[in-house]
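# Architecture at a glance
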Amino acid sequence: MNHDDLRLMRQSYDEKRILLCFNGPFSQGLIEEIGNALRTYLASDAATSSALADVFACYIEITQNIRSYARSRGYDDAAASATVVIGRNDEHRYEILAGNNIEAADAGPLVARIEQLKVMDKTQLKTAYKEQLRREPTPGGGAGLGLIDIARKASAPLSCSLRDIPGDSRQFFSLRVVI
Amino acid sequence: MTNIEIAATQSTPAISADAGAGRLTMRGDSYPENSFAFFAPIIEWAERRLAETGALAVDLYLLYLNTSSVKAMMDLFDLLEAAHRAGRRVSVHWYYDQQNLRVAELAEEFKEDCSFAFEIIAEPTAG
């Protein structure tokens, strides 16, 4: 890193209207602390109480999902490292982008799940949410509700991407949510 | 039966379970990593209270719930619903800041699946 690197990062953060960015492994303590900062930033950014609640809720579901996935796969800190960015898009809507490493074998089912959610309208998402609420918890201890909840709070269909990681059998998965 | 008093943390609500009064109160945010473990003793307490005396009033001042806390809360409401159908006296009062519409919507969605007395009460914004 040199001074120009920093200046370019700053320039990019400004251009993309990034409110908050984190890169590294999450602990529950960090999730809470960054969440706290996020609420403060959103309040000073004059977010409505509903937008603030939706962004915060999506941030928590995403980061807790990432953490519980990394634990379920026994990842060390390097493998568990995730990147989360919260900013505003061109239409001034809040957006959350989050990426983490996943096993190649888990990629297909995850993308298929998101494809399913993408084509559901709000009524269908609510039905799916209530059905999932009645199911047994997932092996990871989560309720399996996170993605549906995120899709319900989003104003546009979720989008995701998968990329190979050079020299690694895992893939880099990223999710974009527009509130 | 014992009482339960749990202080709030950043990610867990303050909880007060008063066996004598038959009242369970929860206040604050709830997004612990393991909601099932956190709420298990509360649900167990409610189960015993209903078995022993058959009445329970639940007062909620909950704000944000992560999805696993929503699931734990549904387990509690299912318990109340079963008790209500068995002729027990149960109720939920969920208080929310009138500016915080997401809390009201969450409470409404729970209420849809409950036939016992479930009131959602708007309070004026503090300050």
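Residues numbered from 1 in each chain as written. Chains lettered and ligands numbered in written order. Predicted model: local features only at pLDDT ≥ 70, side-chain atom pairs only at ≥ 80, totals over all residues.

### Topic: the overall build of chain A
A tally of regular secondary structure across chain A gives seven helices and five strands. Reading the secondary structure of chain A in the N-to-C direction produces α-β-α-α-α-β-β-α-α-α-β-β. Principal-axis analysis of the C-alpha atoms places the extent of chain A at approximately 50 × 45 × 30 Å. Counting the 179 residues in chain A, one finds 29% classified as buried. (Helix = DSSP H or I, 4+ residues; strand = E, 2+ residues; numbered from the N terminus. Buried ≥ 20, exposed ≤ 12 C-beta atoms within 10 Å, placed from the backbone.)

### Focus: the interface of chain B and chain A
On the chain A side, the residues contacting the 17 residues of chain B number 18 residues. Taken together, the elements giving at least two residues each to the side of chain B that touches chain A come down to helix 2 (67-85) and helix 3 (101-111) of chain B. Looking at the side of chain B that touches chain A element by element, the count peaks at five residues for helix 2 of chain B. Of the residues that constitute the side of chain B that touches chain A, the class distribution is six nonpolar, eight polar and three charged. (Contact = placed C-beta atoms within 7 Å. Nonpolar A, V, L, I, M, F, W, Y, C, P; charged D, E, K, R; others polar.)

### Here we look at helix 7 (residues 146-153) of chain A
Helix 7 of chain A sits mainly inside the fold: seven of its eight residues count as buried. All of the buried residues along helix 7 of chain A are G146, L147, I148, D149, I150, A151 and K153 of chain A. Contacts made by the buried residues of helix 7 of chain A are with helix 3 (49-72), helix 5 (104-118), helix 6 (122-133) and strand 5 (171-178) of chain A together with helix 2 of chain B.

### Points about the sheet that holds strand 5 (residues 89-97) of chain B
Residues and elements named next belong to chain B. Pairing is mixed across the open sheet formed by six strands, whose spatial order is 1-2-3-4-5-6. Unpaired on one side and paired on the other, strand 1 (4-6) and strand 6 (117-123) mark the two borders of the sheet. Going from strand to strand, the sheet's axes swing by 15° on average, the running direction of each strand aside. Bridge count for strand 1 against strand 2 (residues 14-18) is three bridges, and the pairing is antiparallel. Along strand 2, the bridge assignment pairs E5 with S16. (Pairing = 2+ DSSP bridges. Axes fitted to C-alpha atoms, helices over the stretch in contact; angles between N-to-C directions.)

### A short note on the confidence of the model for chain B
All names here are of chain B. Residues at a pLDDT of 70 or more form 98% of chain B, whose mean pLDDT is 95. Least confident of the elements in chain B is helix 1 (residues 35-53), whose mean pLDDT is 94; most confident is strand 3 (residues 23-30), at 98. Scoring of the predicted complex yields 0.94 for pTM and 0.93 for ipTM. (pLDDT = per-residue confidence, 0-100.)

### Focus: the environment of A72 of chain B
Looking at where A72 of chain B falls in the secondary structure, it is placed in helix 2. Residues A72 of chain B and F36 of chain B, 36 residues apart in the sequence, show an inter-C-alpha distance of 6.2 Å.

### Some details on the nonpolar core
Soluble, globular proteins show a tendency: their nonpolar side chains are buried together. All names here are of chain A. One finds V55, F56, C58, Y59, I62, I96 and A98 to be the most contacted residues of the largest nonpolar core, which totals 63 residues. If one sorts the elements of this core by residue count, helix 3 sits on top with twelve residues. Not counting the four nearest positions on each side in its chain, C58 is found in contact with I96, I150, K153, V177 and I179. (Core = buried A, V, L, I, M, F, W, Y, C linked by C-beta atoms within 7 Å.)

### Looking at the packing of helix 6 of chain A against helix 7 of chain A
All names here are of chain A. At their nearest, the axes of helix 6 and helix 7 sit 10 Å apart, and the two run at 155° to each other. Regarding the angle of helix 6 to helix 7, the classification is roughly antiparallel. Note that helix 6 runs across helix 7; the crossing there is left-handed. Residues K122, L125, K126, A128, Y129 and Q132 of helix 6 lie in contact with helix 7, whose contacting residues are I148, D149, A151 and R152. Grouping the constituent residues of the contact of helix 6 with helix 7 by class yields five nonpolar, one polar and four charged. (Parallel < 35°, antiparallel > 145°, perpendicular 65-115°, else oblique. Left-handed = near helix turned anticlockwise from the far one by under 90°.)

### Focus on unusual backbone geometry
Residues and elements named next belong to chain A. In the Ramachandran plot, R17 falls in the positive-phi region, its phi being about 50° despite a non-glycine side chain. Along the chain, R17 turns up in the loop between helix 1 (3-15) and strand 1 (18-24). A positive phi angle is found at H92, which is not glycine, with a value near 65°. Its 7 C-beta neighbours within 10 Å are what place H92 among the exposed residues.

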